[in-house]
Amino acid sequence: MVKKNLYDLLVLGGGPAGYVAAIKASQLGLKTACIEKENVGGICLNWGCIPTKALLKSAEVFELIKNVDKYGISIENPKFNLEKIVNRSREVSKKLTNGVNYLLKKNKVDLIKGYGKIAGKNTLVVEQGNNTIELKAKNIILATGARSRNLKNIKSDSVNIWNYKDAMLPKSLPSSILIIGSGAIGIEFASFYNALNVDVTVVEIQNRILPVEDEDVSEFAKNIFKKSGINIICETSVESLKINKSNISATMITKNNSSIKEFDKVILAVGIQGNIENIGIDKFEKIKVNNGHIIVDEFYRTGEDNIYAIGDLVGGPWLAHKAMHEAIICVEKIVNKKGIKPLNLSNIPGCTYSIPQVASIGMTEAQAKNKGYSIKVGKFPFKANGKAIALSEEEGFVKTIFEASTGELLGAHMIGVDVTELIQGYSIAKNIEATEEDIMNTVFPHPTLSEMMHESVLEAFNKAIHV
Amino acid sequence: MPISVKMPALSPTMEEGSLTKWLVKEGDNVVAGDIIAEVETDKATMEVEAVEDGVFSKIIVPEGTNSVPVNKVIALMLEEGEDKSSLDNLETIDDSSQEDTAIDKAVIENKKEIISEEKTEIPIESSLVTDNVINIENDLKRVIASPLAKRMALQANLDISKVSGTGPRGRVIKNDILSFLGNPKVSEKNLNEEFLSKNSSENFVKIPNSNMRKIIAERLSQSKQEIPHFYLTVDCEIDELLSLRKDLNSRSKDGRFKLSINDFVISAVAQALSKVPETNSSWSKESIIQYKNIDISIAVALDEGLITPVIRDANQKGLAEISNEMKDLVDKANNNKLMPEDYKGGTFSISNLGMYGIKEFAAVINPPQGAILAVGKGEERAIVKDGALSIANIMTCTLSCDHRVVDGAVGSKFLTQFKEFIEDPVSMML
């Protein structure tokens, strides 16, 4: 042990939950340190949200160029350079992690590099190579994030069976890829590799892809993806993978029928589990774990006094924007700010940057019905929107779900080009508790895709003008 | 120009109604006065008449739609000879906004007149000053609430200014309304979920609440929660009443009237109230409101709930008049034809369950009234009179009193007076 330091707050992990917590705490006057073993920014900036968006932009541009004839432009024999595409994605990551480093510094957060563990109620030890340092703090926030899950019988080996990180760093393009899992991560990689002309097959164990989305969205997405050349197989599990000399044999089971198919590579995208191992919590009886995540209360308190946990470590939805909000709430609770409200999980939007994109907030139609709500549902197609037609992007729709009597917006679901940039309109509406009337009275600019958000609401109440 | 058919205000206080049924189809020819739809308000179903002649062309609000605001366009009609295509270009503007614009225009035009006539700007400025003063006053009264919270308060008939907000800057939000209403949604939902988890869907049916059911639930919950009830019970001998009733009914030539026991009860209550007017009163924070008129609400059971039509000035009406009026009101109630003026504004209520064989019961006060009389079945009972056992027809009546308005002594005085009249009904006819 080299030195001892007393902090008001130690944050273990420098991802979206950790760095936001550290900055906020410092802004509120707490002497704060953030411990990170790799680059700050976590999965999001380094291996998730941001670099995949860079990759997908390249894929979208290439897809656009492939279909550029319809805009009256011809480009002969378009090519891409995989190495440059991957390098660009890494550059984007680097730029943003540098940004976070700057923000931590500007806000006077001590960034301590190394592998941290809690060693006592107020103590963290950090391994730095051969050195170990001990840090003391009044409060500790655990924000160690999550990683991709392996299946019992299938584990990623980074050579043939890729996890998301491997899938982001292809040295060369495989001829075919099997993607196991059709959640946001699986579907984004499917869009990326499909656009680069790889033969992509997505296998989903449930009866529809994007299973957390509204049923209509799943169905619509399946049809578009199939049309764009992605093979989609639902209600099917991958039983085993056999690695051969030149390919991988996948044994798949669909309702008692077994079949074997060959693929060049496999991407495992079957979900997320919290990083609860080797962070020292096993010494604390009062810190409980459930299904790979730490159990916390609505203000992110673990069972142990002064030890908090936030972000992916405490469970889904595994989204950076959820983690950042949790960070703020948790720190405000530590400084005992008055009137703090728990995060409303039904007001968290989710985005999938597939081609086309998917965005949603709140309940699906089936969820609303199951909860016993009497609902009104509106749906407006891209086909009927002037801007979408001008863009030659006519595939998609905007669906809204309202409680019939109060006009409360229960959920909104969209698929189509750029919908991830639209969903925030409904997030605001939900957060300020707008009713259908307020959205109807809102003037949406013409011509924009956002007009569909207006028309969908009108349609729910049989007032649509343009359909 | 197509004719807009709007949700009519069927009573002065009506703000919205449920469109229960369309009685015409798209394409039907309609003459002014034709009944075209049925609308359910909080207590009655009423008919909507066409105001103009034309072809009924487009239904905008489908039948079965709840909470349609007054003046909202519910359908469109075309004038004779008008082309159907004119419907396509029509924007349905609700009347409320049109009125606003009309008023704004009128204001602007008035101001213009002032300018042109007086050629001075002073009056305009002074009018602006008053406008500002009014605005400031309005702002002070303004309650900050989310749109959803406002609508939920309106639907629950709740004065939102009584709800304290927990949203940003004290804004009233959905949760505040839910907790103010005793969190019925959350708790009911939990109970329901618990119940549903233990029962398969074959074991129950869900019966949606009608407007009437909602009003009953709300008003009576409010009554039991807010009003300190106490109860006074008396036995009334009605042998005299029964023989007088028989005698009077036998005088009813060609069925001009047929008096029931309840008609005597109404009359006796009315006469007793005029002797003890303290019982004919309502509570308000500033004062007790003692009514000069004696308007008796009578609870009438319907399939979907109950309603309380009112016999107005019952103390000034004879038994036959009360009896016939009552029959008329019950008929209307059974056919959902009561108008708001038929059931609003009673000053005292009677609930009679004698016909169901109920011996005695205590009723829930019908707010804002101060008391209600619950009447049981008249039946032969053994009684002790002058030290000897004998048989008499006895009817047990229980008065529920709002203790804020009616104290025990006052309630007793009323009941004693009522008992005197009911036991000696000729005396109340004098």
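Computed from a predicted structure; not experimentally measured.

1. Describing the overall build of chain B
When helices and strands are counted, chain B shows twelve helices and 19 strands. The burial tally for chain B puts 29% of its 430 residues in the buried class. Restricting to contacts in chain B with at least 6 residues of sequence separation, those with at least 24 account for 61%.

2. Let's talk about the overall build of chain A
Scanning chain A for helices and strands turns up 13 helices and 24 strands. Looking at chain A as a whole, 46% of its 467 residues qualify as buried. A separation threshold of at least 6 residues defines the contact pool for chain A, and within that pool the share at least 24 residues apart is 65%.

3. Thoughts on the sheet that holds strand 12 (residues 236–243) of chain A
All names here are of chain A. Spatial ordering of the open sheet is given by 12-13-14, a layout of three strands whose pairing is antiparallel. Looking at strand neighbours, the two that pair on one side only are strand 12 and strand 14 (257–263), the edges of this open sheet. Direction aside, neighbouring strands of the sheet carry axes that sit 25 degrees apart on average. Strand direction decides the pairing type here: strand 12 and strand 13 (residues 248–254), joined by seven bridges, are antiparallel. Residue pairing across strands places Val-238 opposite Met-252, the latter belonging to strand 13.

4. A closer look at the confidence of the model for chain B
Residues and elements named next belong to chain B. Summarising the model, chain B shows a mean pLDDT of 81, and 81% of its residues fall at 70 or more. Here residues 91–140 is a poorly scored stretch, pLDDT under 50, and it has 15 contacts once near neighbours within four places are set aside; other chains count. Scored below 50 in pLDDT, residues 185–191 shows two contacts in the model against residues more than four places distant or in partner chains. Model confidence for the complex: the whole-complex pTM is 0.60, and ipTM, which rates the interface, is 0.75.

5. Considerations on the interface of chain A and chain B
Contact with chain A, which involves ten residues of that partner, is made by eleven residues of chain B. Partitioning the side of chain A that touches chain B into residue classes produces two nonpolar, four polar and four charged.

6. With respect to the pairing of strand 13 of chain A
Residues and elements named next belong to chain A. Where strand 12 hands over to strand 13, the hairpin turn is made up of four residues, counted between the paired strands. Bridge count for strand 13 against strand 14 is seven bridges, and the pairing is antiparallel. Across the sheet, the residue bridging to Ile-248 is Phe-263, located in strand 14. The turn linking strand 13 back onto strand 14 is made up of two residues, and Lys-255 within it adopts a positive phi angle of 45 degrees.

7. What to know about helix 1 (residues 16–27) of chain A
For the α-helix, the turn length of 3.6 residues means that residues three or four positions removed from each other point alike. All names here are of chain A. With twelve residues, helix 1 extends 16 Å between its outermost C-alpha atoms, agreeing within 8% with the 16 Å of an ideal straight helix rising 1.5 Å per residue. Summarising burial for helix 1: eleven of the twelve residues are buried, a large majority. Taken as a whole, helix 1 has its buried residues at Pro-16, Ala-17, Gly-18, Tyr-19, Val-20, Ala-21, Ala-22, Ile-23, Lys-24, Ala-25 and Ser-26. After helix 1 finishes, the residue Gly-29 shows a positive phi value of roughly 95 degrees.

8. Here we look at the nonpolar core
Among the nonpolar cores identified, the biggest contains 134 residues, and Leu-10, Ala-21, Ile-141, Leu-142, Val-266 and Ile-310 of chain A are the most heavily contacted of them. With near-sequence residues (within four places) excluded, Val-266 of chain A lies in contact with Asn-160, Ile-161, Trp-162, Leu-178, Ile-180, Leu-241, Ile-248 and Ala-250 of chain A. Counting residues in hydrophobic clusters, the runner-up holds 70 residues, among them Val-39, Ala-363, Leu-373 and Cys-401 of chain B.

9. Quick look at the packing of helix 8 (residues 261–275) of chain B against helix 9 (residues 319–334) of chain B
Helix-helix packing is described using two parameters, namely the angle between the two axes and the distance between the axes. All names here are of chain B. Between helix 8 and helix 9, the shortest axis-to-axis distance is 9 Å and the interhelical angle comes to 120 degrees. With respect to the hand of their crossing, helix 8 and helix 9 are arranged in right-handed fashion. In this structure, helix 8 uses Asp-263, Phe-264, Ile-266 and Ser-267 to contact helix 9, whose residues at the interface are Leu-319, Ile-322, Ser-323 and Met-326.

10. Looking at the sheet that holds strand 4 (residues 35–40) of chain B
Residue and element names in this part refer to chain B. Pairing within the open sheet is antiparallel, and its four strands lie in the order 5-4-2-7. In the strand order of this sheet, the two ends are held by strand 5 (45–49) and strand 7 (65–69), each with one partner. Between one strand axis and the next, the sheet turns through 45 degrees on average, direction left out of account. With five bridges connecting them, strand 4 and strand 5 associate as antiparallel partners. Following the sheet pairing, Ile-35 is matched in strand 5 by Glu-49.

11. A closer look at the pairing of strand 6 (residues 131–142) of chain A
All names here are of chain A. In terms of strand pairing, strand 5 (residues 123–128) meets strand 6 through six bridges, oriented antiparallel. Note on strand 6: the bridge partner recorded for Val-125 is Glu-134. Counted along the chain from strand 5 to the antiparallel partner strand 6, the turn is two residues long, and its residue Gly-129 has a positive phi close to 65 degrees. As paired strands, strand 6 and strand 19 (residues 307–309) are joined by three bridges and run parallel to one another. Considered in strand 19, the bridge of Leu-142 is made with Ala-309.

12. Regarding helix 8 of chain B
All names here are of chain B. Over its 15 residues, helix 8 extends 21 Å from the first C-alpha to the last, a length consistent with the 21 Å expected when each residue adds 1.5 Å. Within helix 8, twelve of the 15 residues are buried, which leaves the element mostly enclosed by the surrounding structure. Turning to helix 8, its buried residues number three or more, namely Ile-261, Asp-263, Phe-264, Val-265, Ile-266, Ser-267, Ala-268, Val-269, Ala-270, Gln-271, Ala-272 and Leu-273.

13. Side note on the environment of Gln-155 of chain B
For Gln-155 of chain B, the location among the structural elements is in helix 3 (residues 147–155). Spatially, the C-alpha atom of Gln-155 of chain B lies 8.6 Å from that of Ser-67 of chain B, the residues being 88 residues apart in sequence. Among residues more than four places away in sequence, those in contact with Gln-155 of chain B are Ser-405 and Thr-406 of chain A.

14. Details of the packing of helix 3 (residues 49–66) of chain A against helix 6 (residues 184–195) of chain A
Residues and elements named next belong to chain A. As a packed pair, helix 3 and helix 6 sit with axes 9 Å apart at the nearest point and diverge in direction by 40 degrees. The angle between the axes of helix 3 and helix 6 places the two elements in the oblique class. Between helix 3 and helix 6 lies a crossing of left-handed hand. Facing helix 3, whose interface residues are Thr-52, Leu-55, Leu-56, Ala-59, Phe-62 and Glu-63, helix 6 presents Glu-188, Ser-191, Phe-192 and Ala-195.

15. Here we look at unusual backbone geometry
Look at the link from His-446 of chain A to Pro-447 of chain A: it is a cis peptide, with omega at -5 degrees. Along the chain, Pro-447 of chain A turns up in the loop between helix 12 (436–441) and helix 13 (451–460). Residue Pro-368 of chain B follows Pro-367 of chain B across a cis peptide bond; omega there is 10 degrees. Relative to the assigned elements, Pro-368 of chain B resides in the loop between strand 16 (348–352) and strand 17 (371–375). Phi angles above zero are rare outside glycine, and Asn-336 of chain A is one such case at about 60 degrees. Examined against the element boundaries, Asn-336 of chain A turns out to sit in the loop between helix 8 (320–334) and strand 20 (350–352). Look at Asn-336 of chain A and you get exposed, because 7 C-beta atoms sit within 10 Å. A positive phi angle, close to 55 degrees, is found at Asn-462 of chain A, a residue other than glycine. Turning to its location among the elements, Asn-462 of chain A is positioned in the segment after helix 13. By C-beta crowding, Asn-462 of chain A is classed as partly exposed, having 13 other C-beta atoms within 10 Å.

How each quantity is defined
Residues numbered from 1 in each chain as written. Chains lettered and ligands numbered in written order. Predicted model: local features only at pLDDT ≥ 70, side-chain atom pairs only at ≥ 80, totals over all residues. Helix = DSSP H or I, 4+ residues; strand = E, 2+ residues; numbered from the N terminus. Buried ≥ 20, exposed ≤ 12 C-beta atoms within 10 Å, placed from the backbone. Contact = placed C-beta atoms within 7 Å. Pairing = 2+ DSSP bridges. Axes fitted to C-alpha atoms, helices over the stretch in contact; angles between N-to-C directions. pLDDT = per-residue confidence, 0-100. Nonpolar A, V, L, I, M, F, W, Y, C, P; charged D, E, K, R; others polar. Expected span 1.5 Å × (residues − 1). Core = buried A, V, L, I, M, F, W, Y, C linked by C-beta atoms within 7 Å. Left-handed = near helix turned anticlockwise from the far one by under 90°. Parallel < 35°, antiparallel > 145°, perpendicular 65-115°, else oblique.

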